[in-house]
Every structure is written in C-alpha cells, then in structure tokens.
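Residues per chain, in single letters:
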Amino acid sequence: MSEDPRSGLDGGAREPRRSLLNPWFLAALAGLVLIPALRPLLRFEPDPPPVLRQLPDWRLVDQNGESFGSDDVAGEAYVASFLFTRCATVCPRLTASLRQLERRYRDEGVDGVRLVSFTVDPEHDTPERLRDYAGSRSLDLERWSLLTGAEQEVRSVVVDGFALPMGERLDLAGGLVDVAHAARLALVDRDGGVRGYYASDAVGLDEVFHRTRQILAE
C-alpha cells in the first residue's frame, strides 16, 4: 500500500499553522488586545449630582468662640455632619468615619473642601467643649470646624436649612443624654447648594469622596 504523501510528518507540521488561522482563535486574540485598550473609553462616569435644595445664609459660633457662617465657606465645598459631644452611640463612629474621609482628601490632594460639624446639643456643647472634643480625637481644625450657637439658630440651620431631624434633648438614666438626629452626611457645593445625603459607612464615604471631586471639577 502506498503512503499518502499528505500524511506523516509534513502533514502534522502543518496542523498547528492551520489552527492559528482559526477565526475563533483570531477573535479571542483580538479581544485580549482591544478590550484593555477600550476599557477607559467604556467606563461609565455619572453626571454630577443635582442641587437638591439651596441653604439660606446662616451664622453660628465655632470651637474657638468665633463667629462662623455660610460666607466663611463660600467658594468651598463642604461635608456637613450632625453630632453632639455627649453622644455615646452613633457620634463616635461618625467622627471616626469623618476622620477617614478627611485623611483621604488630604492623601489624594483634594483641595477646596472642608468638614463642618453642627452640634445638635448646643445648650451643652459650648465652644470650649467642642474644642476639647476635637482635641481628644485629633481632629484637624485647619480643615474642620465644629459649630454651636443658640438652640433656635442651630435648629433653624439643621431643620429648616438641611431638612434633617433634630429632636429634643432627653436626659436618660445614669446621666446619659440622647438627641435624635440624622447620622447622614450632607455634601454642599461652593454656592451653598445641597448636592446629596450619604451614609457614613464605607460605601457612603466612597461616594461622598467621588461626588466631592465631581462638584469641584464643575
């Protein structure tokens, strides 16, 4: 029986070359090259958040006993938070989250943004107590302001301005005190517009960070 000249070593050598020309192989190879190159073009970037409400002008007192108001943050974005120094539940975690956010702004070179914390227990939280609170937690007061004032003035900013709850102070057993208030963060733009309310967990902090960069880039 004669040997087929197309078989044997020569035919076997041609088999790998034929597989390289397989259209499925070529398509897969093209995908490996093109997909990484196209990925930046395909990334979805959401639009900057809309203005939800416009804050009225306001003026309170900071941790140094100095007048501090909306005109002091004009031209800067800021993250507003609501807490009180005797809070033993939500506020310590909230303050720790804000420290993480402030550190991330600093580490990643995000300028033009401040942190502003409003006490919801202004009768107790004098400027001195706010300053002690900041010192005990190593807050950067170059970038972070803690505010108090007459109760009605504070309530007007929190409830009428930010549209967030601020309950009456409750004196509990054992010397504990509670004030119902929002644990959410409010992002305010350069013109005093509230651009969103966010949780203070890891997901919320990440969204606040990226939304801040968006509105600063507008």
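What comes next is a walk through the structure. All of these numbers come straight from a predicted model, not from anything done at the bench.

It is worth spelling out the pairing of strand E6 (residues 144–148) at this point. Two faces make up the sheet, and in a regular strand the side chains alternate between them. Summarising burial for E6: five of the five residues are buried, a large majority. Burial along E6 is two-sided: Trp144, Leu146 and Thr148 and Ser145 and Leu147, pointing in opposite directions, are all buried. Sheet topology places strand E5 (residues 113–119) next to E6; four bridges connect them, and they run parallel. Looking at E6, one finds that Phe118 is bridged to Leu147. Taken together, E5, helix H4 (residues 127–136) and E6 constitute a β-α-β crossover, and its handedness is right-handed.

A cluster of nonpolar side chains, namely Leu170, Leu172 and Leu176, defines an oily patch on the protein surface of about 280 Å² accessible area. Position of Leu170 relative to the elements: it lies in strand E7 (residues 166–171).

Read from one edge of the open sheet, eight strands run E1-E10-E9-E4-E5-E6-E2-E3, paired in mixed fashion. A strand with exactly one partner marks an edge of an open sheet, and here the two such strands are strand E1 (53–54) and strand E3 (67–69). Relative to strand E9 (residues 185–188), strand E4 (residues 77–83) runs antiparallel, the two sharing three bridges. Following the sheet pairing, Val79 is matched in E9 by Leu187. The strands touched by helix H3 (residues 90–107) within the sheet are E4, E5, E6 and E9, with E4 carrying the most contacts at an inclination of about 165°. Against the sheet, helix H5 (residues 151–161) contacts E1, strand E2 (59–62), E4, E5 and E6, and its axis sits at roughly 120° relative to E2.

A word on the side chain of Ser145. Its place among the elements puts Ser145 in strand E6. Contact partners of Ser145, with chain neighbours within four places excluded, come to Gln63, Phe68, Arg114, Leu115, Val116 and Ser117.

So, about the pattern of salt bridges. Following the criterion strictly, the structure yields 13 salt bridges and no others. The partner of Arg59 in a salt bridge is Asp72, and the shortest N-O contact between them spans 3.4 Å. Taken together, the residues span a long stretch of sequence, with Arg59 in strand E2 and Asp72 in the loop between E3 and E4 at a distance of 13 residues. Taking the shortest distance from any N to any O, the salt bridge between Arg104 and Glu108 comes out at 3.2 Å. We classify Glu108 as partly exposed; its relative accessible area is 42%. Several salt bridges converge on common partners, so that one network encompasses Arg86, Asp121, Glu123 and Arg169.

This paragraph deals with the packing of aromatic side chains. For any pair of aromatic rings, the description rests on two quantities: the centre-to-centre distance and the angle between the ring planes. Per the stated rule, a full pass over the model turns up six aromatic pairs. Residues Phe82 and Phe118 carry aromatic rings whose centres are separated by 5.7 Å and whose planes lie at 15° to one another, so their mutual orientation is stacked. Remark: Phe118 occurs in strand E5 and Phe82 occurs in strand E4; sequence separation between them is 36 residues. With a relative accessible area of 1%, Phe82 lands in the buried category. Through a chain of ring-to-ring contacts, the aromatic side chains of Trp58, Phe68, Phe82, Phe118 and Phe162 assemble into a single cluster.

Time to look at the environment of Val90. In this structure, Val90 sits in helix H3. In this structure the C-alpha to C-alpha distance between Val90 and Ala183, which are 93 residues apart in sequence, comes to 7.1 Å.

Cut-off values and rules
Residues numbered from 1 in each chain as written. Predicted model: local features only at pLDDT ≥ 70, side-chain atom pairs only at ≥ 80, totals over all residues. Heavy atoms only, no water. Buried < 20%, exposed > 50% of the residue type's maximum accessible area, 1.4 Å probe, protein only. Helix = DSSP H or I, 4+ residues; strand = E, 2+ residues; numbered from the N terminus. Pairing = 2+ DSSP bridges. Right-handed = clockwise from strand over helix to strand, strands pointing away. Patch = residues over 30% accessible without salt bridge, like charges linked within 9 Å, V, L, I, M, F, W, Y side chains within 5 Å. Areas by Shrake-Rupley, 256 points an atom, 1.4 Å probe, with all protein chains shown as cover. Salt bridge = Lys/Arg side-chain N within 4 Å of Asp/Glu carboxyl O. Contact = heavy atoms within 4.5 Å. Axes fitted to C-alpha atoms, helices over the stretch in contact; angles between N-to-C directions. Phe/Tyr/Trp six-rings, centres within 6.5 Å; stacked < 30°, edge-to-face > 60°.

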